[in-house]
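Structural overview for review
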Amino acid sequence: MSMSDDQDQIPERFQDDDEIIDFQARLLKRIKFDITMLEMQKADLLDNARNNMNVTERTHLAVLRLMEAKGLGQLLEVVTGEWPEIMDVDVVSISMEGAENALPREATKGVFVIPPGTIDQMMGEGVNAALFPEPMARDMIYGPAAPMVQSDALVRLTQTGGAPAGLLAFGSGQAGAFQP
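Overview of the structure.

Reading the values: the criteria
All residue numbers refer to positions counted from 1 along the written sequence of the respective chain. Whole-chain, interface and lining totals are the exception, using all residues; otherwise, since this is a predicted model, local features are given only for residues with pLDDT of at least 70 and side-chain atom pairs are given and counted only at 80 or more. Side-chain measures were taken over the full set of non-hydrogen atoms in the model, leaving aside hydrogen atoms and water. Between Lys or Arg on one side and Asp or Glu on the other, a salt bridge is scored when a side-chain nitrogen of the former is within 4 Å of a carboxyl oxygen of the latter. Numbering of helices and strands starts at the N terminus; helices are DSSP runs of H or I of at least 4 residues and strands are runs of E of at least 2. Type-normalised accessible area, obtained with a 1.4 Å probe on protein chains alone, sets the label of each residue: buried when under 20%, exposed when over 50%, and partly exposed for intermediate values. Each pair of aromatic rings taken from Phe, Tyr and Trp, with Trp reduced to its six-membered ring, is defined by centres within 6.5 Å and is described as stacked if the planes are under 30 degrees apart, edge-to-face if over 60, and tilted in the remaining cases. Here, over-ring charges are defined by two tests on the NZ atom of lysine or the CZ atom of arginine: distance to the ring centre within 6 Å, and angle to the ring normal within 35 degrees. Patches were defined on residues exceeding 30% relative accessible area and lacking a salt bridge, with like-charge contacts within 9 Å and nonpolar side-chain contacts (Val, Leu, Ile, Met, Phe, Trp, Tyr) within 5 Å. Computed with the Shrake-Rupley method and a 1.4 Å probe, the accessible areas treat only the protein chains shown as cover for residues. Side-chain atoms within 4.5 Å link the members of a nonpolar core, which is a set of buried Ala, Val, Leu, Ile, Met, Phe, Trp, Tyr and Cys residues. Two residues qualify as a contact provided that any one of their heavy atoms is within 4.5 Å of a heavy atom in the partner residue.

**So, the pattern of salt bridges**
Scanning all chains against the criterion turns up six salt bridges. Here Arg50 makes a salt bridge to Asp47, at a shortest N to O gap of 3.7 Å. Taken together, the positions of Arg50 and Asp47, both in helix α2 (residues 23–68) and three residues apart, correspond to about one turn of that helix. As a salt-bridge pair, Arg65 and Glu68 come within 2.4 Å of each other at their nearest N and O atoms. Highlighted residues: Arg65 and Glu68, both in helix α2, separated by three residues, approximately one helical turn. By relative accessible area, which is 43% here, Glu68 ends up partly exposed. Connected through shared salt-bridge partners, Arg65, Glu68 and Glu82 make up one network.

**With respect to unusual backbone geometry**
Residue Asp88 is not a glycine yet carries a positive backbone phi of 60 degrees. Relative to the helices and strands, Asp88 resides in the loop between α3 (72–87) and β1 (91–97). Residue classification places Asp88 among the exposed residues on the basis of a relative accessible area of 57%.

**Structural notes on the packing of aromatic side chains**
What the rule picks out here adds up to one aromatic pair. Here Trp83 and Phe170 contribute two aromatic rings whose centre-to-centre distance is 6.2 Å and whose plane-to-plane angle is 10 degrees, an arrangement assigned as stacked. Of the two residues, Trp83 sits in helix α3 while Phe170 sits in strand β5 (residues 166–172), which places them 87 residues apart along the sequence. The class of Phe170 is buried, set by a relative accessible area of 11%. Sitting over the ring of Phe132, Arg138 keeps its end group 4.7 Å from the ring centre.

**A word on a nonpolar patch on the surface**
Taken together, Leu27, Leu28, Ile31 and Ile35 make up a surface patch of nonpolar side chains, about 330 Å² in accessible area. Checked against the element boundaries, Leu28 lands in helix α2.

**Looking at the nonpolar core**
By size, the foremost hydrophobic cluster in this structure holds 16 residues, and its most contacted members are Ile119, Met122, Met123, Ile141, Tyr142, Leu154 and Leu167. Of all the secondary structure elements, the ones that give two or more residues to this core are α4 (118–123), β3 (129–132), α5 (139–142) and β5. Tallying contributions element by element places α4 first for this core, with three residues. What Tyr142 contacts, discounting residues up to four positions off in sequence, is Val91, Ser93, Phe112, Val149, Asp152, Leu154, Ala169, Phe170 and Gly171. Counting residues in each nonpolar core, the second largest holds 15 residues, with Leu76, Val78, Val89 and Phe170 among its members.

Limitation: the analysis is restricted to geometry and does not speak to function.
Okay, structure coming up:
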């Protein structure tokens, strides 16, 4: 009989006697349960660590690609064209608040002009990042890709140098991919 067979067989002594409580058997059951729980927690911890490393590597690669961009047009192409694959999402878009003709416009898909105040409406005033497991209708920030978006992450782009308020949106076709 192997060592693991011994562990699986918990002695059930004194079964016929109602006056004697077998603490050893109960203790062994409890220890076995505790070990199983610890093994499950260890597996969860390892999975989380691997996922965190994966996300960190993807983020570093995305930032490096952004730093390599030469000019606004290439920067927008990296964000809307390359980031979806790098970040393992289905669509990445950039939206800027303002009048449609008030902002300079590069001919890049995934870049949208939205009405002033839209970002605060979607995310809440003063909220810089938000995760939505089930997004609201977001045609204005995803354009034709909106119907496939089942979950999204929104990041407010900080205003500097008189630039209008902006929004970076990551959309996934997988429901629940982004959760608070």
